[in-house]
Amino acid sequence: MVYHRKTFFDAIRPLFGKLRTDQVAGMSTMLDVWEARYSHFDTAILAYCLATSFHETGRAMRPVREAFAANDASAISRLDAAFAMGQMPYVKQPYWRPDANGRAWFGRGHVQLTHEANYRKAAGFLGQPLDSRPELALYPEISARVLFSGCIDGWFTPHRLSDFINGQKCDFCNARKVVNPGDKRTYKLIEEYACSFNDAL
């Protein structure tokens, strides 16, 4: 299915308030990737992925570094500071610090890809050298594929979007379990975003 861009952007503009050029460009890339590789899936799945990006990127609709840092050094510094202040109690080992080869495995993308093992998993699925060049997760087309394939195929948690969105149901609320099942405060919020994107599509 090919989506009419002007109709889509006109319909989704109220969610953003005002659409910036970079937001339009980010969503255009996501729609291009979807239409080229994932268009056999239900539009509601695309809507939920767009809602996830809307939430995870702070409405930027483009790949971002963890902590919304402008560069790698800043991301590492911000994560070190948060860890030192006890703001990351779920983290046992600082996964963001550069390894012996200088590669840092902090979060990047439309949905945060973290830890070397997850970069290796994504590399295997996508056929992209994310395991040797983690910065590729910031490339818009690659990041869109990580988001779509990760949510559809269940890379991030034991859940996949078809558990919640299929021919029998469309449960945008519990679909958050495919990315962050413990973050229950966001379930309803992202459901509202997904409904807006679904209506616009």
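The structure we're discussing is the one just above.
Throughout what follows, the structure given in this document is the object of discussion. Model, not experiment: these values are computed from the prediction. (Residues numbered from 1 in each chain as written. Predicted model: local features only at pLDDT ≥ 70, side-chain atom pairs only at ≥ 80, totals over all residues. Heavy atoms only, no water.)

Here we take up the packing of aromatic side chains. One pass over the structure, following the stated rule, counts 16 aromatic pairs. With a centroid separation of 5.0 Å and an interplanar angle of 90°, the aromatic rings of F16 and F54 are classed as edge-to-face. Of this pair, F16 sits in helix α1 (residues 5–16) while F54 sits in helix α3 (residues 43–56), and the two are 38 residues apart along the sequence. Here the two residues F16 and F54 agree in accessibility, since each one is buried. Of the aromatic side chains, those joined through ring pairs into one cluster are F8, F9, F16, F54, Y193 and F197. Cation over ring: R108 sits above F106, and NZ or CZ is 3.9 Å from the ring centre. (Phe/Tyr/Trp six-rings, centres within 6.5 Å; stacked < 30°, edge-to-face > 60°. Helix = DSSP H or I, 4+ residues; strand = E, 2+ residues; numbered from the N terminus. Buried < 20%, exposed > 50% of the residue type's maximum accessible area, 1.4 Å probe, protein only. Lys NZ or Arg CZ within 6 Å of the ring centre and 35° of its normal.)

So, about the environment of L79. By the secondary structure assignment, L79 is in helix α4 (residues 72–84). Here the alpha-carbon distance between L79 and W34, two residues 45 residues apart in the chain, equals 32 Å. Once residues lying within four places of it in the same chain are set aside, the contact partners of L79 are E66, M88, W96 and F106. (Contact = heavy atoms within 4.5 Å.)

Interaxial distance between α3 and helix α6 (residues 140–153) falls to 10 Å at its minimum, and their mutual angle equals 120°. Taken together, α3 and α6 sit at an angle that is classed as oblique. Between α3 and α6 lies a crossing of right-handed hand. Contacts between α3 and α6 involve I45, L46, C49, T52 and S53 from the former and L147, F148, C151 and I152 from the latter. (Axes fitted to C-alpha atoms, helices over the stretch in contact; angles between N-to-C directions. Parallel < 35°, antiparallel > 145°, perpendicular 65-115°, else oblique. Left-handed = near helix turned anticlockwise from the far one by under 90°.)

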